[in-house]
Amino acid sequence: MCGIIGITGREDAVEGIIRGLTRLEYRGYDSAGVVTNNGRDLRTIKRAGKLEVLRRALDEQPLAASTGIGHTRWATHGEPNDRNAHPHVDPSGRVAVVHNGIIENYQLLKAGLGDARFASDTDSEVAAHLAARELAALDEPDLLTAVRRVVSQLEGAYSLCFVALDEPDTIVVAKHEAPLIVAHADGVGYCASDVAALIEHTRQVAALLDGQIARITPEGFEVVDVDGAPVEPHRYTVDWDLDAAEKQGYDHFMLKEIHEQPQAVADTLLDRLNAPPGGGVPRLHLDELRLDEGELRRIDKVFILACGTSLHAGMVGKLAIEHWAGIPVDVEVASEFRYRDPIVDPHTLVIAISQSGETIDTIAAASHARDQRAPVISLVNVVGSTLARQADGVLYTHAGPEVAVASTKAFTTQIVGCLLLGLYLAQVRGRMYATEVSDILARLGQVPAALEQVLDLDGEVRELAERYHDSPYTMFIGRHAGLPIAMEGALKLKEISYLHAEAFPAGEMKHGPIALIEPGSLVVALAPAGHVFTKMVSNIQEVKARGAAVLAIGSQGSVVALKEHADHVLTLPEPPHELAGPVLSVVPLQLFSYHVATRRGEDVDQPRNLAKTVTVE
Ligand code: G6P
């Protein structure tokens with residue numbers, strides 16, 4: 001979704017801004033722009049389309065200044081065109097702003113500005129008008145004070161970044177429910193919506209908390225609340241380096257990230273056991289736990305809340321928690337949760353799953369549950385993200401930075417995280433002995449090697465993608481742990497190849513979806529060995545009898561039977577535990593989508609209309 005970078009104190013700020021925006025491209029956007037402040041005027045250049053278009057415009061009309069801000073926009077209010085691209089400047093040309101999020105009361109605020117002329121259809125522009133008006137009303141112009149007064153009028157979610165003509169070495173930023181990072185290194189002040197834009201300059205960063213406002217100059221930054229009182233942001237050191245955010249020889253980030261899964265899973269499993277003080281059998285632990293284990297023993301229900309791919313990982317989490325910890329679990333789309341009347345109380349545990357930790361729907365759902373005093377554990381990838389900070393307990397996935405919009409390594413590490421949470425709850429509640437937990441953990445330790453074997457199927461998968469890259473409709477079917485993977489397979493194909501794909505519980509086919517099957521329809525069936533395998537074989541026969549072409553994802557134990565019924569079988573190694581099976585079986589589906597999309601010439605890493613981090617509801 002939208003990206004922000006601001007730089008002050010660097011000779012050629014624009015070059016740095018464009019580099020930063022390039023690192024934010026992965027978030028998904030449809031237009032981009034920059035503004036510079038040289039103390040004489042605020043100059044903006046903004047263009048619909050990819051950064052390349054903006055770069056060309058800047059080549060024709062270079063902007064030189066030591067202070068500037070840049071933005072990549074993912075349209076919410078107003079179509080993606082030059083006019084609606086950020087930055088927006090007030091009519092007097094004194095204040096410019098870029099904005100992520102949505103200002104919900106913008107129409108009311110616009111009305112309050114009388115007959116002011118607006119140059120765009122956005123909700124964001126009003127912030128520039130308001131800041132200019134507040135600045136003009138001050139005896140001593142001071143952008144920080146003006147911005148404090150602006151944000152006290154705003155409703156909605158935002159991160160805002162301002163420059164003002166009279167303060168050429170200053171950037172002022174404000175945060176409410178959309179991420180914003182500030183940093184200072186070697187005489188340059190920075191702000192960004194995401195550490196990826198800053199990592200080449202520094203790893204020491206500070207994430208603003210909701211309600212915080214910062215003034216950034218080449219000397220450093222100060223952070224205050226809306227009343228102007230000094231406050232502390234969340235300071236931390238980024239634990240990954242620039243290399244992790246580069247393609248390293250792969251054609252696409254998605255392919256690189258698919259291949260990083262064995263390492264990512266190994267890292268997520270690493271050091272999970274702690275010897276108790278005084279000796280004894282090591283116990284599984286969470287990374288950050290701000291709640292009493294006694295509370296977890298009193299839990300009688302779990303809600304898993306997430307969006308997109310993370311939701312599918314949560315569906316595997318339900319199976320693990322119910323199986324090992326014996327607690328009933330509901331998995332729910334986060335954006336639906338707070339708009340019904342979920343029965344939540346202090347005995348309800350909420351597990352919020354998110355790669356970014358910044359998905360607004362998931363954050364809002366988790367805080368709705370916390371308002372009802374439910375403990376929240378978050379399973380997140382980005383250290384220090386909002387969800388991680390707000391939760392009572394955190395389990396980090398150690399996937400490293402995920403750049404491609406279509407999530408892959410975050411997903412497999414989330415499943416591993418869910419298995420760990422299932423084991424953790426079983427341990428805390430005395431449902432499993434510590435030795436049983438460590439035995440299963442040891443078995444999970446074999447998953448990375450099994451993943452390496454799965455990746456060797458790439459050639460076979462590519463041939464299948466070649467054959468089916470034009471298939472207009474693909475059905476994915478599965479049961480038990482295969483169902484979330486069927487859903488994830490369909491999502492991946494939709495996201496990056498734009499082909500129609502749907503997933504169904506295999507047993508549900510006969511209640512409707514089977515009517516869609518016609519000769520040649522492609523059905524992908526998740527059918528590894530396991531307790532639902534024979535039922536899957538029946539479901540495969542049903543679609544086969546109606547003329548479908550079946551691609552079965554099997555395992556060594558199921559391949560012989562599958563070969564009798566399916567047109568193609570991809571054979572996976574047997575997982576070390578049935579609940580770890582999804583970590584393996586999703587990989588051929590990730591590769592299939594990848595090869596179909598590249599064969600069709602689509603932009604795999606930045607698919608149309610999608611964003612990596614969705615910070616609007
Ligand atoms: C977007 C991304 C998906 C992701 C979802 C949830 O839709 O395109 O890949 O699964 O958001 O993101 P999160 O960061 O909360 O896991």
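This text follows the structure it describes.
Residues numbered from 1 in each chain as written. Predicted model: local features only at pLDDT ≥ 70, side-chain atom pairs only at ≥ 80, totals over all residues. Heavy atoms only, no water.

Describe the pairing of strand β22 (residues 393-396), naming the residues involved and giving the relevant values.
A regular strand carries its side chains on alternate faces of the sheet. Because side chains alternate across β22, one face comprises the buried residues G393 and L395, and the other comprises V394 and Y396, equally buried. When strand β17 (residues 288-289) meets β22, the two strands line up antiparallel, connected through two bridges. Paired with L289 across the strands is G393, a residue of β22. Here four bridges tie strand β21 (residues 376-380) to β22, and the two strands are oriented parallel to one another. Each residue of the ladder has a partner; that of I377, found in β22, is G393. (Buried < 20%, exposed > 50% of the residue type's maximum accessible area, 1.4 Å probe, protein only. Helix = DSSP H or I, 4+ residues; strand = E, 2+ residues; numbered from the N terminus. Pairing = 2+ DSSP bridges.)

Please give an account of the site of the ligand that cites residues and values.
Contacts to the ligand come from 14 residues, most closely from S310, S354, Q355, S356 and T359. Within the side chain of T359, a nitrogen or oxygen atom sits 2.5 Å from an oxygen atom of the ligand. Take the shell around the ligand: its biggest share by element is three residues, from helix α9 (residues 308-325). Taken together, the residues of the shell around the ligand break down into four nonpolar, eight polar and two charged. (Near = heavy atom within 4 Å. Polar contact = N/O pair within 3.5 Å; in protein donor to acceptor, adjacent residues only side chain to side chain. Nonpolar A, V, L, I, M, F, W, Y, C, P; charged D, E, K, R; others polar.)

Quick rundown of helix α18 (residues 533-545)? Include the residues and the values.
The end-to-end C-alpha distance of α18 is 18 Å, a good match for the 18 Å that 13 residues give at a rise of 1.5 Å each. What α18 keeps buried is the set F533, M536, V537, N539, I540 and V543. Taken end-on, α18 shows its buried residues confined to a sector of 165 degrees, consistent with a single buried face. Residues of α18 that are exposed and point over 90 degrees away from its buried face: T534 and A545. Close packing links the buried residues of α18 with β23 (473-478), β25 (522-526), β26 (549-555) and α19 (559-565). At the exit of α18 stands G547, carrying a positive phi of roughly 100 degrees. (Expected span 1.5 Å × (residues − 1). Arc of directions from axis to C-beta. Contact = heavy atoms within 4.5 Å.)

Break down the state of the cysteines for me, with residues and values.
Overall, the coordinates contain zero disulfides when judged by the stated rule. The structure places no disulfide on C307, whose sulfur is separated from the nearest cysteine sulfur, that of C418, by 14 Å. (Disulfide = S-S within 2.5 Å.)

Can you tell me about unusual backbone geometry, naming the residues and giving the values?
Of note, the amide linkage connecting H86 to P87 takes the cis form, showing an omega dihedral of 5 degrees. Along the chain, P87 falls in the loop between β4 (67-73) and β5 (88-89). The phi dihedral of D186 falls on the positive side, at around 50 degrees, and the residue is not glycine. Within the secondary structure, D186 sits in the loop between β9 (181-185) and β10 (188-192). Here Y498, not a glycine, exhibits a phi torsion of approximately 65 degrees, which is positive. With respect to the secondary-structure elements, Y498 resides in the loop between α17 (482-497) and β24 (500-505).

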